[in-house]
Amino acid sequence: MAKEGGANVQAMKSLEPLNRPPLLHVTVQESLRNYIEANRLKAGDALPPETFLAQQLGVGRNSVREAIKALESIGILETRRGIGVFVKEFSFKPLLDNLAYGLQDSLRDVEELREIRRVLETGLIGKTIEMISAEDIEALRGLTEEMRRRAERHESFAAEDQQFHQLLFRCQNNHMLSALIDIFWIAFNKASNFANLDNPTPLSTWRDHHEIVEAVAAKNVERARQRLDDHYRGIQQVIAKNRNT
């Protein structure tokens, strides 16, 4: 009988392991998120006092306080001392800070960031060519001229580079795109320390930007994409050279 019973047990499906329940303050975080969404609270709107929230949720004030701190760290809430807790205006900064910190010195992640930037910009350059104004083209030429001067003096032109990539797509009036371009630019530069890397050919980097602008001005989509590809290939070569030294 025991053998038969054992055979039956072996034939039965095994039990799935139990998932550990989430920590209480994590559950409170989700409840606060749901409260904000359900009540359609906007940036600047106040949350009820901690005591009220604790009573409503049936938890201690410490759990509410921990949840609020966690939501502050990711930019959802802000505490104004002596006033209360408020919904914070959306910002990519917490995401950006965590992204750059998480990448640290990982070559693979830096390369993936470079590739994301390349695909994003080459994919959208055609729309820029359709929409860009003569004023923006002249502004881009002004930036590349400043890059040339700095390159000739072997000075960094990281600030001009960041402005260049923003200005190149500003005409699309897409705030999410602008934020993403900034996120990927800053995270890439932090993670790779690109501004401080030795660039043996700074004039080549300037020339990449110059030729991108001229391709856009000529409304030549294929050439603009090719120049952007060349630019990102050059970035890859600079990083590889510094990694190997």
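Conventions and cut-offs
Residues numbered from 1 in each chain as written. Predicted model: local features only at pLDDT ≥ 70, side-chain atom pairs only at ≥ 80, totals over all residues. Heavy atoms only, no water. Axes fitted to C-alpha atoms, helices over the stretch in contact; angles between N-to-C directions. Helix = DSSP H or I, 4+ residues; strand = E, 2+ residues; numbered from the N terminus. Parallel < 35°, antiparallel > 145°, perpendicular 65-115°, else oblique. Left-handed = near helix turned anticlockwise from the far one by under 90°. Contact = heavy atoms within 4.5 Å. Nonpolar A, V, L, I, M, F, W, Y, C, P; charged D, E, K, R; others polar. Core = buried A, V, L, I, M, F, W, Y, C linked by side-chain atoms within 4.5 Å. Buried < 20%, exposed > 50% of the residue type's maximum accessible area, 1.4 Å probe, protein only. Salt bridge = Lys/Arg side-chain N within 4 Å of Asp/Glu carboxyl O. Phe/Tyr/Trp six-rings, centres within 6.5 Å; stacked < 30°, edge-to-face > 60°. Lys NZ or Arg CZ within 6 Å of the ring centre and 35° of its normal. Pairing = 2+ DSSP bridges.

Naming follows an unreviewed UniProt entry, where the protein chain appears as FadR/GntR family transcriptional regulator of Mesorhizobium captivum.

A. Focus on the packing of helix H7 (residues 134–152) against helix H10 (residues 202–217). Orientation of H7 relative to H10, taken along the N-to-C sense of each, is 165 degrees, at an axis distance of 9 Å. By the angle class used here, H7 and H10 are roughly antiparallel. The two elements H7 and H10 cross, and the hand of that crossing is left-handed. Side by side, H7 and H10 meet where Ile137, Leu140, Arg141, Thr144, Met147, Arg148, Ala151 and Glu152 of the first sit next to Pro202, Leu203, Trp206, His209, His210, Val213, Glu214 and Ala217 of the second. For the contact of H7 with H10, the class distribution of residues is nine nonpolar, three polar and four charged.

B. Quick peek at the environment of Leu124. Note that Leu124 resides in helix H6 (residues 107–131). In sequence terms Leu124 and Arg225 are 101 residues apart; their C-alpha atoms lie 9.3 Å from each other.

C. View of the nonpolar core. Judged by nonpolar contacts, the single largest core of 32 residues is most densely connected at Ile125, Leu140, Phe164, Leu168 and Val216. Looking at this core, the elements with two or more residues in it are H6, H7, helix H8 (158–170), helix H9 (175–192), H10 and helix H11 (221–243). The greatest single-element share of this core, amounting to six residues, is contributed by H9. Not counting residues within four places of it along the chain, the set of residues in contact with Phe164 comprises Leu140, Leu143, Thr144, Met147, His209, Ile212 and Val213. Core analysis: the second largest hydrophobic core is formed by 14 residues, Ile36, Leu47, Ala54 and Leu77 among them.

D. Up close: the pattern of salt bridges. According to the stated counting rule, one finds 23 salt bridges in the structure shown. Among the salt bridges present, the one from Glu146 reaches Arg149, with a minimum N-O distance of 2.8 Å. Of this pair, Glu146 and Arg149 both sit in helix H7, three residues apart, roughly one helical turn. The salt bridge involving Glu160 is made with Arg150; its shortest N-O contact spans 3.1 Å. With a gap of 10 residues between them, Glu160 in helix H8 and Arg150 in helix H7 connect regions that are remote in the sequence. For Glu160, a relative accessible area of 11% translates into the label buried. Judged by relative accessible area, Arg150 falls into the partly exposed class, the value being 24%.

E. View of the packing of aromatic side chains. If you walk through the whole model with that rule in mind, you get zero aromatic pairs. Note that Arg80 overlies the ring of Phe86, its terminal NZ or CZ placed 3.9 Å from the centroid.

F. Structural context of the pairing of strand E2 (residues 84–87). Sheet topology places strand E1 (residues 77–80) next to E2; four bridges connect them, and they run antiparallel. Its bridge partner lying in E2, Thr79 is registered against Val85. Between the end of E1 and the start of E2, which pair antiparallel, lie three residues, with Gly82 showing a positive phi angle near 80 degrees.

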